[in-house]
Amino acid sequence: MSKFTRRQILAFFGASAGAAVLAPALAEKAFGNNLGTNGGLKPLNFTPVRLPHTLPIYTQQKSYLPIGIEQGNVLEPSDDARLNSYTVIDDVVVPPEYERYVIVRWGDRVFPNQEDYFGYNSDYTTFIPIDGNNLNDGYLWNNHEYVSYPISTVAPGTPSNLAEFPETYSLVVGQDLPQDKTNILVLGEFMYNLGGSVVRISRSNSNRRFAVVRDPKNRRIHGLSGLGINRQRTDGYEKVTAWGSKSYQKGDDKYLIGTGLAATEVFPLSSDGLGNKIIGTGYNCSGGTTPWGTILSAEENFQASSTFFVGVTEPVNNNGTQTRYTKGTTGEAFGLVGEKYGWMVEIDLADPNFRPRKHTALGRYRHENIALRVEPGRPLVCYLGDDRRGGHTWKFVSQGTITSFFDKNNSRLFENGTLYVARYNPDGTGEWIPLELNTPTNPIPPSVLASVEIAALGKATRNGSTPIRRFGPSEDPADASVFVGVDTTNEAEILPAYKDKKLSDFYTSQGAVLVDAFLAANLIGGTPTARPEDIEVHPRTKEVFIAYTDGAPGSDGYPDSRIFVVSKYSADINAAQPSGALFKIIENSSDGTGTTFRWERFIKGGEAGAEPGDGFANIDNLAFDSQGNIWGVTDMSTEAHNGFGEGANPEPLTIEHTVVGAESPSQIDSNLNARTSNLVGVFGNNWLFFVPTSGTNAGEIVPFAYGPPRCEMTGPTFVGDTLIISVQHPCENVPFNSQRLLNRDIEMLNLDGTLFNQKRSVPLGSNWPSNIEGNPQGAPRPAVIGIVRKQPSDRFV
């Protein structure tokens, strides 16, 4: 990793708006002009956590190697950053200068109705102080994204060989669930565990730890809030108003409402007959916070199938309404029409009378989060991502303008404006294309999207397949699909029909366009990207940082290989890996409302010995601290953690750095294939890191923490001197009570690009946080935690 001079650091953020265009893939990076209160370069004031893989920071700084719960050794810096053996600890491991503690966990009964409980799979967090000047007392919001084993053995995606293993629902909630995924109680409890929770938290100056406070405003907003309005229906769902006998399981009138054109042009056509009324919010991933005190929660993976049945129908007709109920799903069970899910939801934590609303002007897709640019007298600018393979990067510009930062009337700006999709050009420029009825259709041919991979390998993964809206009826009467997969083998046959067309040739209204935003964006030439997850606007420079999690193509689309690394392009052991990257957009307009921009690849995923590679994989949620440092968490797939698969007896995955493309025959065992995606196994558990924008380590990946086995760390939020963060799905899809260690050798890259082997030991499952609370074999539970310095400080780092 190259070092940066003070002049470079000052130049980057201090004058970036007028700087010359830089190459999209930066050979050198320079950082912000916030150099501390003394204006000088400062070293780290804590000991970075030692992870299993090699990082340049370990050659320059002492590091903390965990060896047990709250136990570890401090290692001296060394030119040799390799560790020949590594044992993973079942805990949230933080530097020795810090402590972690649990604030609230799944199943906690912290609501006025003692039958209500805190939801599952904690994700996005945010904090709204009750008194804006007091960061010690306020309302915490926590998203609940999805359900997975070990909550129940019938949870979507549970490996079949876990069917006889214990589940945690009965242990934590105190009642049993039927072992039948069609049972209304099962489906209802799964939907109840989605959405979000509002809880008041506070702390005293003596213990400096946040804890939940009993408050009448503590409440759940979940996947079936407002189910009672089904009584108003006439389509056969009028009796589906409860999923059990407990008070919280009976439908209430706390429904949500929609705003914008989809709410006025599409929802009146919905088959539920409820018009602008909406039952619940679910599938809530990340989000955002407004300066005027409301929060925004992102509905992400709302799409359902027979396997992943907790969801609704995604495909819609040309008028924006769902094609049909998807059989065997929660959508069908409760009459949840698909067009009312996949939106950005606004909630006022301090005001239970504020009816949550879904802002349809922001588009319907698999929302990951939202980042706001708020300047009085200017339009509201929002940046958003569609977290799927081939998903798009979005911008919304309001029709009206901001009054003041704190005026709650600003919420109306979400209701009218223009939604744009980003088109990246290979030369580092880009444009925002409006998603409007009169926008011409101009799909990017798969042969263009895949051109870099084809040039390197002679073929493209999945033939560059990209879904686009079907034009005209299918030749097969039995095919009711509304989209067609175009790829390098059929583009010459399919794409000519899309010439000289507009979105108005495919949709009956602007509201319908917004409902089908993903396919509409493919039609007008938006760039398919590498799973855009979190987006944050730098508080000083207004540059837009985007976490692209994974470059590998999938069934939803093919990321543009001219912009993203989509597979491993050669058998060279240190070739670039398709493990995501952190990008940034620099708007050409001073207020962000223009339609052109520049883009740069800021840091690249992959092992630090790869070229390029900065020593992380699958970056997800982002946050800026008070010093302008960039913090990120990783989202490596559960099925590859530490190089082991899932289930009762996880098998070691084949990890070979000679793999080419998406996969290739193993060089060690000709009976096996090596998959490029397995390379993330070298990184261990999911972890939290930051990139200093000042000091002697500016530009380096600095590991700060890692989480328990099979978890994600999500939703980092800085509240004064405390980092609040979620620990999601510890022990996902493996047994939690076996107390076994898995052992294997893992092939890894050294910093110089050569290979070495490491002996890795990792618990089969996890008992966190029960194991740090006196119950070493207790149930794993998603939770929200706080991290704070042991010695008081006025800031986190």
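Please refer to the structure higher up on the page.
Residues numbered from 1 in each chain as written. Predicted model: local features only at pLDDT ≥ 70, side-chain atom pairs only at ≥ 80, totals over all residues. Heavy atoms only, no water.

J.: Can you help me understand the overall build of the protein in this one?
T.: Along the backbone of the protein there are 10 helices and 37 strands. Taken over C-alpha atoms, the radius of gyration comes to 25 Å for the protein, in line with the 28 Å a tight globule of 797 residues would show. Its C-alpha atoms put the protein at 70 × 60 × 60 Å along the principal axes. For the protein, the residues scored as buried account for 64% of the 797 residues in total. The contacts of the protein with a sequence gap of at least 6 include a subset with a gap of at least 24, amounting to 67%. For the protein, the computed accessible surface area is about 27000 Å², with 48% contributed by carbon and sulfur atoms. Taken as two groups, the 69 positive and 87 negative side-chain charges of the protein have centres that lie 4 Å from each other. (Helix = DSSP H or I, 4+ residues; strand = E, 2+ residues; numbered from the N terminus. Rg over C-alpha atoms; globule rule 2.2 N^0.38 Å. Buried < 20%, exposed > 50% of the residue type's maximum accessible area, 1.4 Å probe, protein only. Contact = heavy atoms within 4.5 Å. Areas by Shrake-Rupley, 256 points an atom, 1.4 Å probe, with all protein chains shown as cover. Lys, Arg positive; Asp, Glu negative; His and termini not counted. Charge placed at Lys NZ, Arg CZ, Asp CG, Glu CD.)

J.: So what exactly am I meant to see when it comes to the pattern of salt bridges here?
T.: When the charged atoms of two side chains with opposite charge come close together, those side chains can pair. One pass over the structure, following the stated rule, counts 33 salt bridges. For R105, the salt bridge goes to E773, with nearest N and O atoms at 2.6 Å. Of this pair, R105 sits in strand β4 (residues 98–105) while E773 sits in the loop between β36 (755–763) and β37 (783–789), and the two are 668 residues apart along the sequence. Here D721 makes a salt bridge to R203, at a shortest N to O gap of 2.9 Å. On the criterion of sequence distance, the pair formed by D721 in the loop between β33 (712–719) and β34 (722–728) and R203 in the loop between β7 (195–202) and β8 (211–213) is long-range, its members being 518 residues apart. Under the relative-accessibility criterion, D721 is labelled buried at 9%. (Salt bridge = Lys/Arg side-chain N within 4 Å of Asp/Glu carboxyl O.)

J.: Honestly, the packing of aromatic side chains in this entry has me stumped. Any pointers?
T.: Taken as a whole and assessed by the stated rule, the structure comprises 42 aromatic pairs. With centroids separated by 6.3 Å and ring planes inclined at 75 degrees, the aromatic side chains of Y424 and F583 adopt a geometry described as edge-to-face. Here Y424, found in strand β19 (residues 417–424), pairs with F583, found in strand β25 (residues 581–587); they are 159 residues apart in sequence, far enough to count as distant. Under the relative-accessibility criterion, Y424 is labelled buried at 1%. Judged by relative accessible area, which is 1%, F583 ranks as buried. Look at W631 and F704: their rings are 5.3 Å apart centre to centre, the planes differ by 75 degrees, and that puts the pair in the edge-to-face class. Here W631 is found in strand β28 (residues 630–634), whereas its partner F704 is found in strand β32 (residues 702–706), with 73 residues between them in sequence. Like F704, W631 is buried. Through pairs of rings, three or more aromatic residues link up here, namely Y383, Y424, W432, Y548, F564, F583, F597 and W599. Over the aromatic face of F756 sits the side chain of R82, whose NZ or CZ is 6.0 Å from the ring centroid. Across the ring face of Y420, the terminal group of K395 is positioned such that the distance to the ring centre comes to 5.8 Å. (Phe/Tyr/Trp six-rings, centres within 6.5 Å; stacked < 30°, edge-to-face > 60°. Lys NZ or Arg CZ within 6 Å of the ring centre and 35° of its normal.)

J.: For this particular structure, what's the right way to read the sheet that holds strand β11 (residues 277–278)?
T.: Hydrogen bonding along the main chain pairs the strands of a sheet, whether they run parallel or antiparallel. In spatial order, the strands read β11-β10-β15-β14-β13-β12; together these 6 strands make up an open sheet with mixed pairing. Each edge of the open sheet carries a strand with a single partner, namely β11 and β12 (284–289). Pairing analysis gives 2 bridges linking strand β10 (residues 256–259) to β11, with the strands arranged antiparallel. Of the residues in β11, the one forming a bridge with I257 is K277. (Pairing = 2+ DSSP bridges.)

J.: Could you clarify how one ought to interpret the sheet that holds β4 in this entry?
T.: Taken in spatial order, the 4 strands line up as β4-β37-β34-β33 in an open sheet, and their pairing is antiparallel. With one partner strand each, in any of the chains shown, β4 and β33 form the two edges of the open sheet. Strand-to-strand twist across the sheet, computed as the mean angle between neighbouring axes with direction ignored, equals 25 degrees. As judged from the 6 bridges shared by β34 and β37, these two strands associate in the antiparallel manner. The partner of S726 across the bridge, within β37, is V784. (Axes fitted to C-alpha atoms, helices over the stretch in contact; angles between N-to-C directions.)

J.: Would you mind going over the side chain of T290 with me for this structure?
T.: Tracing the chain through its elements places T290 in the loop between β12 and β13 (295–299). Of note is the side chain of T290, whose polar atom sits 2.9 Å from the side chain of T294. (Polar contact = N/O pair within 3.5 Å; in protein donor to acceptor, adjacent residues only side chain to side chain.)

J.: Looking at this structure, I do not really get unusual backbone geometry. What am I missing?
T.: One can expect most non-glycine residues to show negative phi and most peptide bonds to be in trans. Note that the residue after Y149, namely P150, is joined by a cis bond; omega there is 25 degrees. The topology assignment puts P150 in the loop between β6 (137–144) and α2 (169–173). A cis geometry characterises the amide bond from E611 onward to P612, with omega recorded as -5 degrees. Position of P612 relative to the elements: it lies in the loop between β26 (596–604) and β27 (619–624).

J.: What is the right way to read the pairing of β28 from this model?
T.: Looking along a regular strand, one sees the side chains alternate between the two faces of the sheet. Burial runs high along β28: 5 of the 5 residues are buried. Because side chains alternate across β28, one face comprises the buried residues I630, G632 and T634, and the other comprises W631 and V633, equally buried. Strand direction decides the pairing type here: β27 and β28, joined by 4 bridges, are antiparallel. Within the sheet, the bridge partner assigned to A623 lies in β28 and is W631. Connecting the antiparallel pair β27 and β28 is a turn made up of 5 residues, with G628 showing a positive phi of about 85 degrees. Across 4 bridges, the pairing between β28 and strand β31 (residues 687–691) is antiparallel. Paired with W631 across the strands is F690, a residue of β31.

J.: Looking at this model, I keep getting lost on the side chain of S122. Mind explaining?
T.: Along the polypeptide, S122 turns up in strand β5 (residues 122–129). At a separation of 2.7 Å, a polar atom in the side chain of S122 contacts the side chain of N142. The contacts of S122, once residues within four sequence positions are left out, are N142, N143, H144, T714, S726, Q728, P782, A783 and V784.

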